[in-house]
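# Fold and geometry: a report
If you want the building blocks of each chain, they are given just below.
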Amino acid sequence: MQRNLKDMLNILTKGTKLHISVVFLGKHGNAMTALPHGSRIHSTEICDTAKSSYKELLTCIRCRNTVLRRVVRTKKPLFGHCVNGIYEYCHPVVRDGEAVCVIFIGHIRSGVGEFDRILHSKFSEELIDTLETDFTEEDCKITADILEDHILRLLEKFGDGSSGDRSSLIENIKSYIRENLYYDFSLRETADFFGYNEKYLGRKFKEHTGLTVKEYTNRLRISSAKEKLASTNLKISEIAGMVGFNNVTYFNRIFMREVAVTPAQYRAERKGDTYGAEL
């Protein structure tokens, strides 16, 4: 019986503190390679803590995007420490000269003094203890090779370019949007990353979702803003910036269009306060 990619990741990380994520590129993927959101991004307690600050979140996104683009361009593995001192190994899966996905193996404490000092300057000992400590670069290479072989077999046996009744290209774009939700990206940048013409990609996305990339992105951002409005006392202008809107007036307009009340009214309704206009 051929195991899907999710099962394989669970097996390879069982009994360890590793976190492995896989980012599929372009139209590549199928139902057997489909992964939950937490297996497509850095999703661990220590990473979430690092990204709790908006400034640190943007730093993490930029760092990950830089590494991802370099690995895709060179088609060679890249390994080292992130800005928070955590070791990670990045491995492109290449078929017929094209990178179909990138494997990230991380959540590792290397024990190197310089990077241990960074860890201790940013995190509690309790969080640092959640990192894997007994996993070498060679272990990462072996794990990546096992995953690469499994992914290529799944693509060969079950086809490439579809995920059940959905387009893998669209699912991969959605994943890209979620990963970069709080970062100011454009349709052109997205199209360049996936290797498609901007107009073609935009048209295909709307055919499958009924929304433009911008509309889909804004809906996700407004959803995140609603959560922050209801659960924090942050200023509305701060929340607008945190969810990817550089202009609070534009944020207010989009929020009103999607929710039918202003951000201040929404917060008041959820918190039982009188309407305010805190900006």
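Above this note sits the structure.
Residues numbered from 1 in each chain as written. Predicted model: local features only at pLDDT ≥ 70, side-chain atom pairs only at ≥ 80, totals over all residues. Heavy atoms only, no water.

So, on to the pattern of salt bridges. Side chains that carry opposite charge are capable of pairing whenever their charged atoms lie near each other. Scanning the entire structure with this criterion turns up 12 salt bridges. A salt bridge links Asp 160 to Arg 95; the nearest nitrogen and oxygen atoms lie 2.5 Å apart. Of this pair, Asp 160 sits in the loop between α6 (137–158) and β5 (162–163) while Arg 95 is found in strand β3 (residues 87–95), placing the two residues 65 residues apart along the sequence. Note on Arg 95: relative accessible area 26%, which makes it partly exposed. Taking the shortest distance from any N to any O, the salt bridge between Lys 204 and Glu 207 comes out at 3.7 Å. In this pair, Lys 204 and Glu 207 are both assigned in helix α9 (residues 198–209), 3 residues apart and thus about one turn of the helix distant. By relative accessible area, Lys 204 is classed as partly exposed at 26%. Classification of Glu 207 as exposed rests on a relative accessible area of 52%. (Salt bridge = Lys/Arg side-chain N within 4 Å of Asp/Glu carboxyl O. Helix = DSSP H or I, 4+ residues; strand = E, 2+ residues; numbered from the N terminus. Buried < 20%, exposed > 50% of the residue type's maximum accessible area, 1.4 Å probe, protein only.)

Across the sheet, which stays open at both edges, the 4 strands sit in the order β1-β4-β3-β2 with antiparallel pairing between neighbours. The open sheet has two edge strands with one neighbour each: β1 (19–24) and β2 (78–81). Each neighbouring strand pair of the sheet contributes to a mean axis angle of 15°, computed without reference to strand direction. Alignment of β3 against strand β4 (residues 98–108), held across 8 bridges, turns out to be antiparallel. Along β4, the bridge assignment pairs Pro 92 with Val 102. Helix-sheet contacts for α6 involve β1, β2, β3 and β4, and the interaxial angle to β3 is about 30°. (Pairing = 2+ DSSP bridges. Axes fitted to C-alpha atoms, helices over the stretch in contact; angles between N-to-C directions. Contact = heavy atoms within 4.5 Å.)

Considered as a void within the structure, the largest pocket measures approximately 900 Å³ in volume. Contributing to the lining of the largest pocket are 41 residues, with His 42, Lys 51, Leu 57, Cys 60 and Glu 179 lying nearest its centre. Those elements that place two or more of their residues in the lining of the largest pocket are α2 (45–50), α3 (54–74), β2, β3, β4, α7 (168–179) and α10 (213–231). A per-element tally of the lining of the largest pocket places α3 first, with 7 residues. When grouped by side-chain class, the residues that make up the lining of the largest pocket number 20 nonpolar, 13 polar and 8 charged. Here the second largest pocket defines a volume of roughly 370 Å³. When contributions to the lining of the second largest pocket are tallied by element, the ones reaching two or more residues are β1, α3, α7 and α8 (187–194). (1 Å grid on protein atoms, 1.4 Å probe; cavity = no way out; pocket = protein on both sides within 12 Å on 5 of 7 lines; lining within 4 Å. Points joined across faces, edges and corners; volume = space filled by probe spheres on them. Nonpolar A, V, L, I, M, F, W, Y, C, P; charged D, E, K, R; others polar.)

All we've got here are geometric facts, nothing functional implied.
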